[in-house]
Amino acid sequence: MRPIRVRIGVLGLALVAGLAAPTAATAAPEAGGGAPAPTVEERRLDGEVPREILRRSGFAAVAPAFARGLGRADSYREARAVVAREGAALWRRAVDRVQGRGPARGDLSRDDDRPLYWARLGMTRELRTWEPGFGLSERQRAALLTELERTSRGQTDLRLPGGHRDGHGKGVKRVLLTGFDPFTLDRDIRISNPSGAVALALDGTVIDTADGPARVETAVFPVRWADFAEGTVERALRPYLPRVDLFTTVSQGRVGRFDVERTNGAWRGGFPDNDNVSRTETVPVADPASQPQWTTTTLPYAAITAADTGRFPVYDNTSVTEIPAGGDEPVVRPDGPTPGSTAREGGGGNYLSNEIAYRATLLRDRLGLHGTLPGGHVHTPVLQFGAGNTDPATGAVTDPGFVRNRLDIVAQTRAIVGVAVSAAGADRD
């Protein structure tokens, strides 16, 4: 997810995107001093497509059951326990469904990431509008929403195996991978995000590589500017980057291709997020005085692009858009930024996919891991519906081509991770 100025026709609106808690800033004003109203994102639940996806996946009962659990809570402490338990259960249920454990509970294909997204929104809407008898302060409600976001996105379920990050021996390598929610839902509410499907499919799995087995742990992030500004990426990743052997943020990118993004830029381009909020500004981070305009991948991009990983071509994308030193107009640079320039687009554009890549690699560098930790961003192909199912107003929520495309993207991303782990191990040796 990254509105990239896609140079491929009509997809120029933003097909490349990108975890964090919703805040009061994303909610509508409170009505009559009661609980906040649902957000723009939550109000989309009332459409027929979200209801169909929930019904056909067996997730339609998630939010009502959560509401009943909240209703039995007699204190903030009890409510927090309900939120933590049910949020974690939703993540685990979604992972289990995608990975084939337990009954499918519906005819929607197991690989689908959308039930998790819409069920989570149902839960956040119930929690945001809940008015318990014991009274709930604004701060307490915000804390409950944060807990629900963290647990239901896999942030509290990152279980890294033991070992050392020094590359010695052939122990289990540790990989951290992130995906995103669906986005551009006002254009087509049926949309799925293949990076979210990748996260669900790979969470807790082991990939056999030439450098030994690699355990993958994953989490999913929201498509909301405010969450990123509040530091959700850094809070989620900081405890784990010093402990992993490789990380990659993943999002949906261009049509028909994968991209390993070489350079990430410190600029937000303003494309609306899932709450229809726009932000055009320098990426807000802690200690802005030391903030660089650009960060770079340390993934083994040459090995990844040279390998036969699947049906889609994989590119080493070096292009950026910058304002050159001493200039005042943006210039496209196919070979990366020039000294002293100001970022306007990284290789992954200037939306939240570029931002998560920028934040994750900046965190890597600030932790002193630039020279030792392979990490960066991979853009998947756009997940397209099958031929004849392209009209959002009349099209089906799924079709065989749509499922095949998603499965192929997931399988190829898995293969790319395997190549990256092997190549990184060879570089260490």
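Just so it is clear, the model here is predicted, and its values are computed rather than measured.

Trainee: A description of the overall build of the protein chain should follow, citing residues and the corresponding values.
Mentor: Counting secondary structure elements, the protein chain contains 12 helices and 14 strands. For the protein chain, buried positions account for 57% of its 429 residues. Here the protein chain has roughly 16,300 Å² of accessible surface; of this, 53% comes from carbon and sulfur atoms.

Trainee: I'd like a description of the side chain of Thr309, backed by residues and values.
Mentor: By secondary structure assignment, the location of Thr309 is in the loop between helix H10 (301-306) and strand E10 (314-317). Side-chain polar atoms of Thr309 contact the side chain of Gln412, separated by 3.1 Å. When residues no more than four places from it in sequence are discounted, the contact partners of Thr309 are Val314, Gln412, Ala415, Ile416 and Val419.

Trainee: With reference to specific residues and values, describe the sheet that holds strand E2 (residues 206-209).
Mentor: Spatially, E2-E3-E1-E4-E14-E5-E10 is the arrangement adopted by the seven strands of the open sheet, whose pairing is mixed. In the strand order of this sheet, the two ends are held by E2 and E10, each with one partner. When the angles between neighbouring strand axes are averaged without regard to direction, this sheet yields 30 degrees. As judged from the four bridges shared by strand E1 (residues 173-180) and strand E4 (residues 246-252), these two strands associate in the parallel manner. Bridge pairing in E4 links Val175 to Leu246.

Trainee: Mind laying out the sheet that holds strand E11 (residues 320-323), listing which residues take part and the relevant values?
Mentor: The three strands lie next to each other as E12-E11-E13, forming an open sheet whose pairing is antiparallel. Looking at which strands have only one partner, the edges of the open sheet turn out to be strand E12 (331-333) and strand E13 (342-345). Neighbour to neighbour, the strand axes of the sheet diverge by 40 degrees on average, direction disregarded. Where E11 meets E13, three bridges bridge the pair, whose relative direction is antiparallel. Pairing of Glu322 across the sheet is with Ala343, part of E13.

Trainee: Pulling in residues and values, what's your account of helix H6 (residues 138-152)?
Mentor: The first and last C-alpha atoms of H6 sit 21 Å apart over 15 residues, in line with the 21 Å expected at 1.5 Å per residue. Of the residues making up H6, those classed as buried are Arg141, Leu144, Leu145, Glu147, Leu148, Glu149, Thr151 and Ser152. Structurally, H6 contributes buried residues whose contacts are with helix H3 (62-71), helix H4 (76-98) and helix H5 (114-129).

Trainee: An account of H3 is needed here, citing residue identities and associated values.
Mentor: Looking only at H3, the buried set comprises Val62, Ala63, Phe66, Gly69 and Leu70. The buried residues of H3 occupy one face: seen down the axis, they fall within an arc of 115 degrees. Facing away from the buried side of H3 by over 90 degrees, the exposed positions are Arg68 and Gly71. Next to the buried residues of H3 lie H4, H5 and H6.

Trainee: If you had to explain the packing of aromatic side chains to someone new, which residues and values would you point to?
Mentor: The relation between two aromatic rings is expressed through the spacing of the ring centres and the mutual angle of the planes. Taken as a whole and assessed by the stated rule, the structure comprises nine aromatic pairs. Aromatic side chains Phe258 and Phe312 sit 6.2 Å apart centroid to centroid with 65 degrees between the ring planes, which places their arrangement in the edge-to-face category. With Phe258 in strand E5 (residues 258-261) and Phe312 in the loop between H10 and E10, the pair connects residues that are 54 residues apart, well separated along the chain. For Phe258, a relative accessible area of 0% corresponds to the buried category. Residue classification places Phe312 among the buried residues on the basis of a relative accessible area of 11%.

Trainee: Break down the pattern of salt bridges for me, with residues and values.
Mentor: The full count for this structure, using the stated rule, is 40 salt bridges. For Glu41, the salt bridge goes to Arg224, with nearest N and O atoms at 2.8 Å. One end of the pair, Glu41, is in helix H1 (residues 40-43); the other, Arg224, is in the loop between strand E3 (212-221) and helix H8 (225-229), and 183 residues separate them in sequence. Notably, a salt bridge pairs Glu149 with Arg153, separated by 2.5 Å at the nearest N-O pair. Residue Glu149 is classed as buried on the basis of its relative accessible area, which comes to 3%. In this structure Arg153 comes out as buried when scored by relative accessible area, which is 1%. Three or more residues joined by partner-sharing salt bridges are found here, namely Glu41, Arg120, Glu149, Arg153, Asp181, Arg224 and Asp227.

Trainee: So, the nonpolar core: which residues are in play, and what are the values?
Mentor: Phe66, Trp118, Leu127, Trp130 and Leu177 are the most contacted members of the largest nonpolar core, which has 64 residues in total. What Trp130 contacts, discounting residues up to four positions off in sequence, is Ala35, Leu70, Gly71, Ala73, Ala79, Leu136, Arg141 and Leu144. Counting residues in each nonpolar core, the second largest holds 23 residues, with Phe183, Tyr240, Ala360 and Leu373 among its members.

Trainee: Describe unusual backbone geometry, naming the residues involved and giving the relevant values.
Mentor: With the exception of glycine, the majority of residues adopt a negative phi angle, and the majority of peptide bonds are in the trans configuration. Although it is not a glycine, Arg105 sits at a positive phi angle of roughly 55 degrees. As for its position among the elements, Arg105 is in the loop between H4 and H5. The backbone phi angle of Thr184 is positive, close to 55 degrees, even though this residue is not glycine.

Trainee: Outline the pairing of E3, supporting the account with residue identities and numerical values.
Mentor: Counting buried residues along E3, eight of its 10 residues qualify, which places the element largely inside the surrounding structure. The sheet contact formed by E1 and E3 spans eight bridges and is parallel. Looking at E3, one finds that Arg174 is bridged to Arg215. Both E2 and E3 contribute to a ladder of four bridges, which runs antiparallel.

Trainee: Tell me what's going on with the packing of H4 against H5, and back it up with residues and numbers.
Mentor: Across the interface, H4 lies against H5 with an axial gap of 10 Å and an inter-helix angle of 170 degrees. One element, H4, and the other, H5, form an angle in the roughly antiparallel class. Listed contacts from H5 to Val83, Glu86, Gly87, Leu90, Trp91 and Ala94 of H4 are Leu116, Ala119, Arg120, Met123 and Leu127. Residue composition of the contact of H4 with H5, by class: eight nonpolar, one polar and two charged.

Rules used throughout
- Residues numbered from 1 in each chain as written.
- Predicted model: local features only at pLDDT ≥ 70, side-chain atom pairs only at ≥ 80, totals over all residues.
- Heavy atoms only, no water.
- Helix = DSSP H or I, 4+ residues; strand = E, 2+ residues; numbered from the N terminus.
- Buried < 20%, exposed > 50% of the residue type's maximum accessible area, 1.4 Å probe, protein only.
- Areas by Shrake-Rupley, 256 points an atom, 1.4 Å probe, with all protein chains shown as cover.
- Polar contact = N/O pair within 3.5 Å; in protein donor to acceptor, adjacent residues only side chain to side chain.
- Contact = heavy atoms within 4.5 Å.
- Pairing = 2+ DSSP bridges.
- Axes fitted to C-alpha atoms, helices over the stretch in contact; angles between N-to-C directions.
- Expected span 1.5 Å × (residues − 1).
- Arc of directions from axis to C-beta.
- Phe/Tyr/Trp six-rings, centres within 6.5 Å; stacked < 30°, edge-to-face > 60°.
- Salt bridge = Lys/Arg side-chain N within 4 Å of Asp/Glu carboxyl O.
- Core = buried A, V, L, I, M, F, W, Y, C linked by side-chain atoms within 4.5 Å.
- Parallel < 35°, antiparallel > 145°, perpendicular 65-115°, else oblique.
- Nonpolar A, V, L, I, M, F, W, Y, C, P; charged D, E, K, R; others polar.

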